[in-house]
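Residue-level listing of the chains:
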Amino acid sequence: MLNELISVVIPCYNDGAYLHEAIASIRRQDYPNYEIIIVNDGSTDAATLKVLDEVVAPDVQVLHKENGRMASARNHGIRHAKGKIIAALDSDDYFGDTFFKKAMAILDANKEIGVVTSYIQLFGAEKLVSKPRGGTAVNFLFGNQCPACAIYRRECWEDIGGFDEAMKLGYEDWEFYIRVTRQGWKIEVIPERLLFYRQTKKSTYRNDTRPNVVELVDYIVNKHQDWYLDMIKQLIVRREVIYTESRISYQNIFKMLKNRLLGKYK
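Residues numbered from 1 in each chain as written. Predicted model: local features only at pLDDT ≥ 70, side-chain atom pairs only at ≥ 80, totals over all residues. Heavy atoms only, no water.

**Student:** How do you make sense of the nonpolar core when you look at a structure like this?
**Tutor:** One broad trend across soluble globular proteins is that nonpolar side chains are buried collectively. Counting residues in hydrophobic clusters, the biggest one holds 36 residues, and the most contacted among them are I6, V8, I36, I38, F100 and I151. The element that contributes the greatest number of residues to this core is helix α4 (residues 99–109), accounting for six residues. Beyond its immediate stretch of four places on either side in the chain, I151 contacts I6, I85, I86, A87, F99, F100, A103, L107, G114, V115 and V116. One finds L141, A150, Y152 and M231 within the second-largest nonpolar core, a separate group that totals 35 residues. (Core = buried A, V, L, I, M, F, W, Y, C linked by side-chain atoms within 4.5 Å. Buried < 20%, exposed > 50% of the residue type's maximum accessible area, 1.4 Å probe, protein only. Helix = DSSP H or I, 4+ residues; strand = E, 2+ residues; numbered from the N terminus. Contact = heavy atoms within 4.5 Å.)

Here you go:
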């Protein structure tokens, strides 16, 4: 596993200005066995098309397709990938130098882990640090706990039939991880800032996801409504169990204190 080929899939739509930086971050990795697949998702920007011609190299191939948005571009790139391990990276972001090696060590050590990501350093318009939790399916019930940029076993993607290409306005990564974790895979988060996530005015989240968030969440809940119903039932039952146990515990503590006080002042 530690020498397994990593296929890096980078969708690109009119983001040629950042491609060299993304590619450079892969070449700086302390893990040498990789291929880079850039998926030109119907770019119309002349400067981007020029960069796409320039970056072709022995370790970089560029695939061209009509615009279909992120889910379609990722699926297209993975179908052409040679590796059993996929590294998903957006064209305007980049990885820290040790991410591949650390992620591969985690995958090698635990066969139940299907996806590895890290803490996220936002840069550009915002400079915050995001700390996703990863975990199992229950962690993804109310929100996404793993960024789109991550390393995962190709088997995870195959198990669930890839990304949902109907989700063109965002949250396709959240829905993808719901299905991955429902299959029993776990998601691990390296507690280091090894993903650098650019914040720009043209981001998908800002322009497409946020204005349509209600419709997107409604789509996800409807698609997984049996699971949501089952999980909510489990959460309600668990809440009652915790409440009952806590109540009994408080009653026992109160009784013990009362007995001690009565014994003291007899």
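Right, picking up where we left off after that structure.
**Student:** Would you take a moment to explain the pattern of salt bridges for this structure?
**Tutor:** Any two side chains of opposite charge can pair, given that their charged atoms come close. Summed over all chains, the structure comprises 14 salt bridges. A salt bridge links R79 to E165; the nearest nitrogen and oxygen atoms lie 3.3 Å apart. Of this pair, R79 sits in helix α3 (residues 69–79) while E165 sits in the loop between α5 (154–160) and α6 (172–182), and the two are 86 residues apart along the sequence. A salt bridge links R154 to E158, with the shortest nitrogen-to-oxygen separation between them at 3.3 Å. Note that R154 and E158 are positioned in helix α5 at a spacing of four residues, about one turn of the helix. Judged by relative accessible area, which is 15%, R154 ranks as buried. Taking the relative accessible area as the measure of exposure, E158 reaches 49% and is therefore partly exposed. Salt bridges here are not isolated pairs; linked through shared partners, they connect D164, E175, R179 and K223. (Salt bridge = Lys/Arg side-chain N within 4 Å of Asp/Glu carboxyl O.)

**Student:** Help me understand the pairing of strand β2 (residues 34–41) in this model?
**Tutor:** Where a strand is regular, its side chains alternate between the two sheet faces. With eight of eight residues buried, β2 lies mostly within the body of the structure. Burial along β2 is two-sided: the face carrying Y34, I36, I38 and N40 and the face carrying E35, I37, V39 and D41 are both buried. As judged from the seven bridges shared by strand β1 (residues 6–12) and β2, these two strands associate in the parallel manner. The residue bridging I6 from the neighbouring strand is Y34, located in β2. Looking at chain direction, β2 and strand β3 (residues 60–65) are connected through six bridges and run parallel. (Pairing = 2+ DSSP bridges.)

Read these as layout, nothing more, since geometry by itself doesn't imply function.
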